[in-house]
Amino acid sequence: MAENGEEKLLAVARHIAKTLGHNDNMADDILQIFSNFDGRFSREKLASDDEDRPRSCAALELTLKSLDRQISQYVAADHPIWSDSADSSAFLDSIDELIATIRDWTPLAVDKSVGVCLARAEDLMQQAMFRLEDEFRSLVERGGESLELSRAYRGESNGNLSFDSGDDEEEEEMIGNGEDHQIPTAQPIGDYDIVIDALPSGTINDLHEIAKRMVTAGFGKECSHVYSSCRREFLEESLSRLGLHKLSIEEVQKTPWQDLEDEIERWIKSANVALRILFPSERRLCDRVFYGLSSAADLSFMEVCRGSTIQILNFADAVSIGSRSPERLFKILDVFESLRDLMPEFESVFSDQYCLFLRNEAMTIWKRLGEAIRGIFMELENLISRDPAKTPVPGGGLHPITRYVMNYLRAACRSRQTLEQVFEDSTAVPHQPKVDDRASSSSMSVQMAWIMELLESNLEAKSKIYRDSALCYVFMMNNSRYIVQKVSDSELGSLLGDDWIRKHTAKVRQYHVNYQRSSWNKVLGVLKLESGSLAPNVAVKSMKEKLKLFNIYFDEICKTQCNWVVFDDQLRDELRIALAKILLPAYQNFIGRFQNVPEIGRHDKYIKYANEDIEAKINDLFRGSRGSAGAGRK
């Protein structure tokens, strides 16, 4: 009973459709409405009337014959279809009709005869798509132009970034402030807010019309593939002209460092142009060609940019996993900062899911560069700790490791903001660090203080190899004074803080005091007069002996210490003045007493030095051997 009732219901629906429909197409439309209204009115059931089947199949076959005739003439054409707008429009209209025919008849494919016809329609569609693919490729290749990006960094005096077209009859279409306008050259290279249209607008429109048909027909991936294969070559050629060489990670690591420094400079320029100009331009081009077809646009863009992006990232990765030699720090910092500053471009340009892996890879390599920078500082620590205390520096002057470490740290602190970021939190999301001039216990401050402590310990070990304790103190005084000066007039001062500077300035003064005590106390000691009364002959003998010892000690010290080095002019003057203040009064007092002894009288034969001679001798101290007095001032 239920089956009979449903059959009657379907018959009524077919009757209504035939009665209301003025022609077959209208009847089919009414049947489609019924099908959408109630699942029982499926097209299969509504069209199951045996009387309609022969008529329907005949209509389909007739349509396909007509479409086959129209499409085949274009598929077999031996000239570009898009060279004639009438031909291209007719070809697209035929494809539209074929797509609509397949779409409308697919629900009736359960009918064997309809299924056979649809199979033929699919074959015809595939032929049409193959030809569309060829036309699509031809349009991209003909419309694409090779831009002379290598000129971007030539003639930087005027800063113009020129893009020379391969076709003298066309100019590059640029975009700025949201309005399209034609200009022959781009904005200054310092301003990356420009977009290149490497294809003419008319070509873009043609490509869009083709892409719509291919995606609708289920050939979206094929369309994306042919598009990306053409545009990928353009990008690779552009990067090559910018000077970016295709180097594997192994090749980068085998490249001599001096050559690699030049490669890094080229990489920085190429990466900036790629992320700020080329990739955004390709994104815009994809969005225009595949307008309304977001998935195809995203897939195409990823395939276009993947190879060039990986090339850029692989180079940075190779730099990050290379040697941790301290001299590499500054170029690796350049790569780190460039990648950090480009991270917003990675986020915005590669924002879709197809490009997620590129964003993640950029972040991973950026963090790896941070690890490399921290590793370089660890290697610097090892270099300081392992530097042997074997050969003393002549005259107690500056040790090469002192000059190296202090100048290295001063140079490194020019990138303080970046290093703060590296040491503070290796997992931080890249951003432009804020300026912070205050002394703090930041991770970088702790790092710098630790390196200074290692250097100081190393210098103390080196000072022990001097046999003369006074020279040991001169060595420490020289090197500590140099360290304090380098800290005080640089970014190191704000990192280590005023307390650190005061503490180490006090150490320099203490080394000064220790030097005087160890070197001059015995000289001052012989100038002391015994208290109490002595027999005249004993007093005369004692004073003569003391004066003799003074002359011997003073001669020995002056002869030795005139070859010692005090690199800093101010410190050298301070030492000489301090010596004169303690030595001259004591010597004058002693000579005065000596000359007042009646048994001696004013016999100058016992007095070797006048006050002026003593002062001249003091002023001759610390001049160093030839060329050593000024060594290490830089």
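It should be noted that the structure appears before, not after, this text.
Reading the values: rules and limits
- Residues numbered from 1 in each chain as written.
- Predicted model: local features only at pLDDT ≥ 70, side-chain atom pairs only at ≥ 80, totals over all residues.
- Heavy atoms only, no water.
- Helix = DSSP H or I, 4+ residues; strand = E, 2+ residues; numbered from the N terminus.
- Buried < 20%, exposed > 50% of the residue type's maximum accessible area, 1.4 Å probe, protein only.
- Contact = heavy atoms within 4.5 Å.
- Areas by Shrake-Rupley, 256 points an atom, 1.4 Å probe, with all protein chains shown as cover.
- 1 Å grid on protein atoms, 1.4 Å probe; cavity = no way out; pocket = protein on both sides within 12 Å on 5 of 7 lines; lining within 4 Å.
- Points joined across faces, edges and corners; volume = space filled by probe spheres on them.
- Nonpolar A, V, L, I, M, F, W, Y, C, P; charged D, E, K, R; others polar.
- Expected span 1.5 Å × (residues − 1).
- Bend = angle between axes of the 7 residues up to and from the residue.
- Axes fitted to C-alpha atoms, helices over the stretch in contact; angles between N-to-C directions.
- Parallel < 35°, antiparallel > 145°, perpendicular 65-115°, else oblique.
- Left-handed = near helix turned anticlockwise from the far one by under 90°.
- Core = buried A, V, L, I, M, F, W, Y, C linked by side-chain atoms within 4.5 Å.
- Polar contact = N/O pair within 3.5 Å; in protein donor to acceptor, adjacent residues only side chain to side chain.
- Salt bridge = Lys/Arg side-chain N within 4 Å of Asp/Glu carboxyl O.

Novice: Explain the overall build of the protein to me, and be specific about the residues and the numbers.
Specialist: When you go through the protein residue by residue, the secondary structure sums to 22 helices and 3 strands. By residue count, 48% of the 634 residues in the protein fall in the buried class. When contacts within the protein are restricted to residue pairs at least 6 apart in sequence, long-range pairs at least 24 apart make up 77% of them. Accessible surface, the protein as shown: approximately 31500 Å² in total, 49% of it carbon and sulfur.

Novice: Explain empty space enclosed by the protein to me, and be specific about the residues and the numbers.
Specialist: One pass over the structure, following the stated rule, counts 3 cavities of 30 Å³ or more. Its boundaries defined by the atoms lining it, the largest cavity holds a volume of some 100 Å³. Surrounding the largest cavity, M452, E456, L459, M476, S480, I483, V484, W500, H504 and K507 form its lining. Where the lining of the largest cavity is concerned, the elements lending two or more residues are α16 (443-463), α17 (469-488) and α19 (498-526). Tallied by class, residues from the lining of the largest cavity come to 6 nonpolar, 2 polar and 2 charged.

Novice: Quick rundown of helix α12 (residues 329-349)? Include the residues and the values.
Specialist: Helix length check: α12 (21 residues) gives 30 Å between terminal C-alpha atoms against 30 Å at 1.5 Å per residue, within 8%. The largest bend in α12 is about 40 degrees, located at L342, with the proline P344 one to four residues further on. A large share of α12 lies buried, amounting to 15 of its 21 residues.

Novice: Go over the packing of helix α13 (residues 356-386) against α16 with me, naming the residues and quoting the values.
Specialist: In the contact formed by α13 and α16, the axes pass within 9 Å of each other and the chain directions differ by 15 degrees. The orientation of α13 relative to α16 falls into the category roughly parallel. The chirality of how α13 crosses α16 is left-handed. Contacts between α13 and α16 pair F377, L380, E381, I384 and S385 from the former with Q447, M448, W450, I451, L454, L455 and N458 from the latter. Here the contact of α13 with α16 is built from residues that sort into 8 nonpolar, 3 polar and 1 charged.

Novice: Please set out the nonpolar core residue by residue, giving values where relevant.
Specialist: In this structure, F136 and F377 are the most contacted members of the largest nonpolar core, which totals 169 residues. Take this core: its biggest share by element is 15 residues, from helix α10 (residues 257-289). When near neighbours in sequence (up to four residues on either side) are disregarded, F136 contacts L207, I210, A211, C223, V226, Y227, V289 and F290.

Novice: Give a description of α17 that names residues and reports values.
Specialist: In this model α17 runs 28 Å from its N-terminal to its C-terminal C-alpha over 20 residues, within 8% of the 28 Å that 1.5 Å per residue would give. Among the 20 residues in α17, 16 count as buried, and that is most of the element. The opening residue of α17, the one whose side-chain oxygen lies 2.8 Å from the backbone nitrogen of A470, is D468.

Novice: Provide a residue-level description of unusual backbone geometry, including the pertinent values.
Specialist: Backbone geometry at F622 places phi at a positive 65 degrees, although glycine is not the residue there. Mapped onto the secondary structure, F622 falls in the segment after α22 (611-619).

Novice: Account for the pattern of salt bridges, naming residues and giving values.
Specialist: One pass over the structure, following the stated rule, counts 32 salt bridges. Salt-bridge contacts for E456 lead to K507; the nearest nitrogen and oxygen are separated by 2.3 Å. Of this pair, E456 sits in helix α16 while K507 sits in helix α19; the two residues are 51 residues apart in sequence, bridging distant segments of the chain. By relative accessible area, E456 is classed as buried at 14%. A relative accessible area of 25% places K507 in the partly exposed class. Salt bridges here are not isolated pairs; linked through shared partners, they connect D96, E209, K212 and R213.

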